[in-house]
Amino acid sequence: MGAMDVESANRRFLMYGVLPLWFVPSVADWTMHRRTRIESTTGVRESAIHALMMAQAGVPVALGLLARVNPLVLSVMGGAALAHGATALWDVRTAVEEREVRPLEQHIHSFLEVLPLTALAFLGTLHADQVRRLLRGARDADDWKLLPKSSPLPARYLAGFGIGVGLCVALPYAEEMFRCLKAARRHA
């Protein structure tokens with residue numbers, strides 16, 4: 001198998017494996033929150049933490065899909081992955097203080113926590129030259145600019161992925177926030 005075949009396989013795995021893996025556990029996590037009636041326990045506070053974690057995962061995903069991978073993009077992704085991990089700890093600590101978090105939900109959280117690191121690792125294998133540039137100090141001006149991909153991903157893929165994110169991530173958690181805000185207004 002040649003280098004281009006390996007790169008192509010890694011890119012397909014990232015696009016059609018790792019990124020869509022976000023959908024199923026997101027819906028499962030939302031289902032766990034509904035089951036434990038998050039709106040009656042941790043409410044808006046925990047739901048806002050979930051929105052923060054979505055941003056911490058969503059911004060790097062958008063960069064990876066649309067921008068040329070360079071030291072800037074890799075740095076943002078790495079920082080976001082670290083921030084996401086710290087926020088995930090805050091999320092679980094918030095949740096366990098006021099509602100039951102069963103082992104299945106904890107396992108779902110573990111899966112969601114590792115996805116940003118998995119995506120970053122695979123992106124690093126696809127762009128090892130940029131990882132080396134970053135580790136060596138990345139001194140060129142283009143290393144620290146947000147640039148469009150030289151070979152953009154197909155619009156059809158981007159649209160399908162966007163629909164998946166909307167239906168499986170944004171919509172369920174927006175519904176969760178709506179329930180939490182509604183419950184908070186009732187109890188105010």
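Residues numbered from 1 in each chain as written. Predicted model: local features only at pLDDT ≥ 70, side-chain atom pairs only at ≥ 80, totals over all residues. Heavy atoms only, no water.

> Help me out: how do you make sense of the state of the cysteines in this one?
The final tally for this structure, using the stated rule, is zero disulfides. Unpaired in this structure, Cys-168 has its nearest cysteine sulfur neighbour in Cys-180, at a distance of 20 Å. (Disulfide = S-S within 2.5 Å.)

> Please explain the nonpolar core as it appears in this structure.
Side chains that are nonpolar tend, in soluble globular proteins, to be buried together. Among the nonpolar cores identified, the biggest contains 29 residues, and Trp-22, Leu-65, Tyr-157 and Phe-161 are the most heavily contacted of them. For this core, the elements supplying multiple residues, two or more each, are helix 1 (3-18), helix 2 (23-35), helix 3 (43-66), helix 4 (71-98), helix 5 (103-126) and helix 7 (155-187). Examining the composition of this core, we find that six residues originate from one element, helix 5, more than from any other. In contact with Tyr-157, not counting residues within four places along its chain, are Met-15, Tyr-16, Leu-19 and Leu-65. (Core = buried A, V, L, I, M, F, W, Y, C linked by side-chain atoms within 4.5 Å. Buried < 20%, exposed > 50% of the residue type's maximum accessible area, 1.4 Å probe, protein only. Helix = DSSP H or I, 4+ residues; strand = E, 2+ residues; numbered from the N terminus. Contact = heavy atoms within 4.5 Å.)

> Mind showing me how you'd approach helix 7 here?
An α-helical turn contains 3.6 residues, so a residue and the one three or four places further along point in the same direction. Spanning 33 residues, helix 7 covers 45 Å between terminal C-alpha atoms, matching the ideal 48 Å at 1.5 Å per step. The sharpest bend along helix 7 comes to roughly 35 degrees, located at Gly-166. Within the span of helix 7, buried status applies to Tyr-157, Phe-161, Gly-164, Val-165, Val-169, Pro-172, Tyr-173, Glu-176, Met-177, Arg-179, Cys-180 and Ala-183. (Expected span 1.5 Å × (residues − 1). Bend = angle between axes of the 7 residues up to and from the residue.)

> Is there a simple way to think about unusual backbone geometry in this case?
Peptide bonds are mostly trans, and most non-glycine residues show a negative phi. One non-glycine residue, Arg-37, adopts positive backbone phi at about 55 degrees. For Arg-37, the position within the fold is in the loop between helix 2 and helix 3. Assessed through its relative accessible area of 47%, Arg-37 is described here as partly exposed. In this structure, Ala-138 takes a positive phi of about 40 degrees despite not being glycine.

> Looking at this model, I keep getting lost on the packing of aromatic side chains. Mind explaining?
Think of a pair of aromatic rings as described by two things: how far the centres are apart, and how the planes are tilted against each other in angle. Under the defined criterion, the tally for this structure stands at four aromatic pairs. Summarising the aromatic geometry, the rings of Tyr-16 and Tyr-157 are spaced 5.3 Å apart at their centres and angled 80 degrees between planes, so their arrangement reads as edge-to-face. Here the residue Tyr-16 occupies a position in helix 1, and Tyr-157 occupies one in helix 7, the gap between them amounting to 141 residues. One aromatic cluster is present, built from ring pairs that chain together Tyr-16, Phe-23, Tyr-157 and Phe-161. (Phe/Tyr/Trp six-rings, centres within 6.5 Å; stacked < 30°, edge-to-face > 60°.)

> Looking at this structure, I do not really get the environment of Gly-162. What am I missing?
Position of Gly-162 among the secondary structure elements: in helix 7. For Gly-162, a relative accessible area of 39% gives the class partly exposed. For the pair Gly-162 and Ala-62, spaced 100 residues apart in the sequence, the C-alpha separation amounts to 9.7 Å.

> Sorry if this is basic, but what is going on with helix 5 here?
Given a rise of 1.5 Å per residue, 24 residues ought to cover 34 Å, and the 35 Å separating the end C-alpha atoms of helix 5 matches this to within 8%. Restricting attention to buried positions, one finds in helix 5 the residues Glu-105, Ile-108, His-109, Leu-112, Leu-115, Pro-116, Ala-119, Leu-123, Gly-124 and Leu-126.

> Explanation requested: the side chain of Glu-176 in the structure shown.
Locating Glu-176 in the fold gives a position in helix 7. Buried and unpaired, Glu-176 has Arg-179 as its nearest opposite-charge partner, separated by 4.5 Å. Ignoring any residue separated from it by four or fewer positions in sequence, one finds Glu-176 in contact with Trp-30, His-33, Ile-38, Ser-47 and His-50. (Lys, Arg positive; Asp, Glu negative; His and termini not counted. Salt bridge = Lys/Arg side-chain N within 4 Å of Asp/Glu carboxyl O.)

> I keep staring at the confidence of the model for the protein and nothing clicks. Help me out?
As a general rule, the predicted coordinates of low-pLDDT regions are not to be interpreted in detail. Per-residue pLDDT for the protein has a mean of 92; in total, 96% of the residues score no lower than 70. When mean pLDDT is compared element by element in the protein, helix 7 scores highest at 96, while helix 1 scores lowest at 75. (pLDDT = per-residue confidence, 0-100.)

> Would you explain the pattern of salt bridges in this entry?
Where charged atoms of side chains with opposite charge meet at close range, the side chains can pair. Within the structure shown, the criterion is met by twelve salt bridges. A salt bridge links Arg-99 to Glu-46; the shortest N-O distance between them is 2.8 Å. Of this pair, Arg-99 sits in the loop between helix 4 and helix 5 while Glu-46 sits in helix 3, and the two are 53 residues apart along the sequence. Here Arg-99 falls in the buried class, since its relative accessible area comes to 7%. In this structure, Asp-140 engages Arg-133 in a salt bridge whose closest nitrogen and oxygen atoms are separated by 2.3 Å. For Arg-133, a relative accessible area of 30% gives the class partly exposed. A network of salt bridges, in which partner residues are shared, links Arg-34, Arg-37, Glu-39, Glu-175 and Arg-179.

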